[in-house]
Amino acid sequence: MKQLAVLIVIILGFSCRPEPVTEYDLIISNVNLVDGTGSPLKEAISVGIKEGKIRALAKALKGRSNTYLDGSGKYLIPGLFDCHIHTIDYQKDFPKFVHYGVTSVFITGGSLCTDAYYAEMREHGEQDSIPSPRVFHTSQHFSMEGRHPSKTYPSNTWRDGESIFYLKDTLQIEGLVQHVSQFPNIGIKLTIEDGPSPPFVERMPMAFVEKTVKEGEKYGLEVFAHVSDNVELEMAIRAGVQNLVHFTGIDIDPQDSVQVKLLAEFRKRNPSWITTMMIDKSFIYPLYPEWFTAETLLPEYRAQSKRVTQKAKWFASGYLNFYKESYGLNGDDLPTLMAPQVQDIQYLYDRGFNMVLGTDIGGDFNFQGHSLHEEMQLLEMGGMQPLEILKMGTLNAAKMLRVDDELGSIEAGKLADMILLDKNPLEAIENTLAITTVIKNGKIQQRRNNK
Ligand SMILES: [Zn+2]
């Protein structure tokens with residue numbers, strides 16, 4: 001009996017002992033959370049971060065930290081992904097992405113993108129003391145001599161076998177795919193393109209596209225194809241391509257039963273499709289001087305208005321006319337111009353295509369970090385909901401890159417990449433630019449001076 005009493009005392013003693021208080025490296029308290037999964041906003045959440053990861057999310061978080069961020073009246077969203085960029089100077093470009101909350105980028109080839117240059121950029125993206133997004137990338141371009149992109153952007157840094165692969169016959173593809181499979185490439189970048197500008201050339205033969213898809217399957221490497229019109233879209237789908245890196249130039253007609261059937265076939269592959277509407281906006285930027293005055297632009301971006309030459313304006317008006325004609329549009333304002341593309345993107349989104357945001361940064365008037373926010377605004381102008389747009393820039397991107405187990409949303413166990421905002425992004429998507437703090441890997445990142 002005495003022994004039983006002792007036992008009871010011991011048990012009671014244990015259960016009364018105060019729970020150990022968890023020590024966090026950082027706590028963001030009492031914030032409005034938009035977690036990136038597409039779920040509605042949750043109010044008054046506290047987030048506990050430790051060793052770079054989100055450890056706990058709760059209304060009443062038990063724990064303490066030496067570093068607190070007061071989230072009262074603020075909004076927390078996941079770090080953003082720009083899933084179509086190019087760079088020829090990553091040390092200069094990367095901090096600008098982080099300034100705007102873009103904590104991950106997907107590089108889809110480029111004239112400097114040798115295996116060694118990719119490794120250098122990845123390494124830069126892995127650290128968290130110098131501002132840099134995490135770096136994901138495709139293989140080098142699989143293209144052909146005299147075709148896009150080296151035709152469009154001539155440079156002596158396009159080197160066959162190093163920064164680009166010029167396919168000459170199908171036999172060569174086996175070895176090239178085997179080579180790229182040895183590196184952490186997300187997939188194979190392949191270009192099906194007869195332009196994009198005159199003089200037009202012959203497109204890559206179907207046999208080359210099919211062979212690349214087939215060889216990629218041996219190593220679990222999907223193809224990320226560049227297409228820029230409906231003919232190329234059809235080629236890509238018929239050849240078994242799994243992902244598309246552009247939307248520009250595609251026109252979906254829900255009344256076209258052949259196309260609808262083709263897209264349904266494509267959908268079965270769980271494809272990802274990157275938007276890149278910023279291409280169109282950047283091409284016509286020279287015609288809209290007021291765009292350069294946005295307060296959210298870094299001074300060096302605003303200063304690019306000085307680079308608007310007569311030639312740039314001439315090119316821009318040519319493109320604007322071509323664009324309006326191809327969609328049969330009358331107005332020159334962005335909502336009118338973007339509506340046809342956004343309607344198509346919404347159509348695909350609603351049918352379960354994994355739609356992902358990208359900008360094709362690399363050309364003029366397409367601004368590292370800032371233009372991802374412009375891309376989001378273009379989608380909203382065309383009628384998409386902020387919640388959907390944010391998911392395209394976060395969780396959908398992580399899914400495409402096969403890292404959704406650790407990135408893309410604010411959930412316990414994931415890496416702590418996030419942005420604290422002063423305004424509600426669900427009220428207007430431009431509020432994603434009201435950034436107060438950018439966090440990568442649980443660490444507050446250095447932002448630029450915006451004066
Ligand atoms: Zn590109």
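## Details of the sheet that holds strand β9 (residues 102-107)
Sheet strands line up and pair through hydrogen bonds in the backbone, either parallel or antiparallel. A sheet is described by the order of its strands in space; here 3 strands give the open sequence β8-β9-β10, paired in parallel fashion. At either margin of the open sheet sits one strand with a lone partner, and together these are β8 (80-85) and β10 (134-137). Along the sheet, successive strands turn relative to each other by an average axial angle of 20°, direction set aside. In this sheet, β10 lies alongside β9 in parallel orientation, the contact comprising 4 bridges. For Val-105, the partnering residue across the bridge sits in β10 and is Val-135. Running over the sheet, helix α2 (residues 90-99) touches β8, β9 and β10 and is turned about 130° from β9. Against the sheet, helix α3 (residues 115-126) touches β9 and β10, its axis set at about 145° to β10.

## Digging into the sheet that holds strand β14 (residues 222-226)
As summarised here, the arrangement of the 7 strands in space is β12-β11-β13-β14-β15-β16-β17, forming an open sheet in which the pairing is parallel. Strands at the two margins of the open sheet, each flanked by one partner only, are β12 (164-166) and β17 (354-356). Inspection of the sheet shows strand β16 (residues 272-274) paired to β17 by 3 bridges, in the parallel sense. Looking across to β17, one finds that Ile-274 is bridged to Val-356. On the sheet, helix α4 (residues 171-180) packs against β11 (141-143), β12 and β13 (187-191) and is oriented at approximately 165° with respect to β12.

## A look at the packing of helix α6 (residues 230-239) against helix α7 (residues 257-267)
Two numbers describe how α6 lies on α7: the axes approach to 10 Å, and their chain directions differ by 40°. Here α6 is positioned oblique relative to α7, judged by the angle of their axes. Here α6 runs over α7; the crossing is left-handed. Across the interface between the two elements, Asn-230, Glu-234, Ile-237 and Arg-238 from α6 touch Gln-259, Leu-262, Leu-263 and Phe-266 from α7. Looking at the contact of α6 with α7 residue by residue, the classes come out as 4 nonpolar, 2 polar and 2 charged.

## Describing the nonpolar core
With 95 residues, the main nonpolar core has Ile-107, Met-121, Phe-142, Leu-244, Trp-273, Leu-348 and Leu-379 as its most contacted residues. Examining the composition of this core, we find that 8 residues originate from one element, helix α11 (residues 334-350), more than from any other. When sequence neighbours within four positions are dropped, the list of residues in contact with Phe-142 reads Phe-165, Leu-167, Leu-176, Val-177, Val-180, Ile-188, Lys-189, Leu-190, Thr-191, Met-204 and Thr-212.

## Focus: the pairing of strand β18 (residues 418-421)
Burial along β18 is two-sided: the face carrying Met-418 and Leu-420 and the face carrying Ile-419 and Leu-421 are both buried. As paired strands, strand β7 (residues 75-78) and β18 are joined by 4 bridges and run antiparallel to one another. Its bridge partner being in β18, Leu-76 is matched across the sheet by Leu-420. As judged from the 4 bridges shared by β18 and strand β19 (residues 435-440), these two strands associate in the antiparallel manner. In the strand pairing of β19, Met-418 is matched with Ile-439.

## Points about the packing of aromatic side chains
Tallied over the entire structure, the rule returns 21 aromatic pairs. Measuring from centroid to centroid gives 5.4 Å for Phe-106 and Phe-224, while their planes differ by 65°, and the two rings are edge-to-face. Separated by 118 residues along the polypeptide, Phe-106 in strand β9 and Phe-224 in strand β14 bring together distant segments of the chain. As far as burial versus exposure is concerned, Phe-106 and Phe-224 are alike and both buried. Look at Phe-266 and Trp-273: their rings are 6.0 Å apart centre to centre, the planes differ by 70°, and that puts the pair in the edge-to-face class. By way of ring pairs, the aromatic residues Tyr-100, Tyr-285, Tyr-288, Trp-291, Phe-292, Tyr-301, Phe-365 and Phe-367 are connected into one cluster.

## Quick word on the layout of surface pockets
If you roll a probe as big as a water molecule over the atoms, it shows you where there is empty space left. Roughly 440 Å³ of internal volume is contained in the second largest pocket. Residue lining of the second largest pocket: 22 residues in total, with Glu-295, Thr-296, Leu-297, His-370 and Leu-433 positioned closest to the centre. Here the lining of the second largest pocket takes 3 residues from helix α12 (residues 370-381), the largest share from any one element. Class assignment of the residues belonging to the lining of the second largest pocket gives a composition of 8 nonpolar, 7 polar and 7 charged.

## Topic: the environment of Gln-127
Along the chain, the position of Gln-127 falls in the loop between α3 and β10. Residues Gln-127 and Ala-312, spaced 185 residues apart in sequence, show a C-alpha to C-alpha distance of 38 Å. Once residues lying within four places of it in the same chain are set aside, the contact partners of Gln-127 are Ser-132 and Lys-440. At a separation of 2.9 Å, a polar atom in the side chain of Gln-127 contacts the main-chain amide nitrogen of Ser-129. Within the local environment of Gln-127, its side chain forms a polar contact with the backbone nitrogen of Ile-130, the two atoms lying 2.7 Å apart.

## Focus: unusual backbone geometry
Here the amide bond leading from His-148 into Pro-149 is cis, since omega sits at 5°, within 30 degrees of zero. Even without a glycine there, the phi angle at Ala-44 is positive, about 50°. If you trace the backbone, Ala-44 turns up in strand β3 (residues 42-50). On the basis of relative accessible area, Ala-44 is assigned to the partly exposed category, the value being 27%.

## A look at α4
Every buried residue of α4 is listed here: Ile-173, Leu-176, Val-177 and Val-180. Down the axis, α4 shows its buried residues gathered within 100° of arc, on one side only. On its buried face, α4 sits against β11, β12, β13 and α5 (206-218).

Definitions and limits used
- Residues numbered from 1 in each chain as written.
- Predicted model: local features only at pLDDT ≥ 70, side-chain atom pairs only at ≥ 80, totals over all residues.
- Heavy atoms only, no water.
- Pairing = 2+ DSSP bridges.
- Helix = DSSP H or I, 4+ residues; strand = E, 2+ residues; numbered from the N terminus.
- Axes fitted to C-alpha atoms, helices over the stretch in contact; angles between N-to-C directions.
- Contact = heavy atoms within 4.5 Å.
- Parallel < 35°, antiparallel > 145°, perpendicular 65-115°, else oblique.
- Left-handed = near helix turned anticlockwise from the far one by under 90°.
- Nonpolar A, V, L, I, M, F, W, Y, C, P; charged D, E, K, R; others polar.
- Core = buried A, V, L, I, M, F, W, Y, C linked by side-chain atoms within 4.5 Å.
- Buried < 20%, exposed > 50% of the residue type's maximum accessible area, 1.4 Å probe, protein only.
- Phe/Tyr/Trp six-rings, centres within 6.5 Å; stacked < 30°, edge-to-face > 60°.
- 1 Å grid on protein atoms, 1.4 Å probe; cavity = no way out; pocket = protein on both sides within 12 Å on 5 of 7 lines; lining within 4 Å.
- Points joined across faces, edges and corners; volume = space filled by probe spheres on them.
- Polar contact = N/O pair within 3.5 Å; in protein donor to acceptor, adjacent residues only side chain to side chain.
- Arc of directions from axis to C-beta.

Honestly, it's all geometry; don't read function into it.
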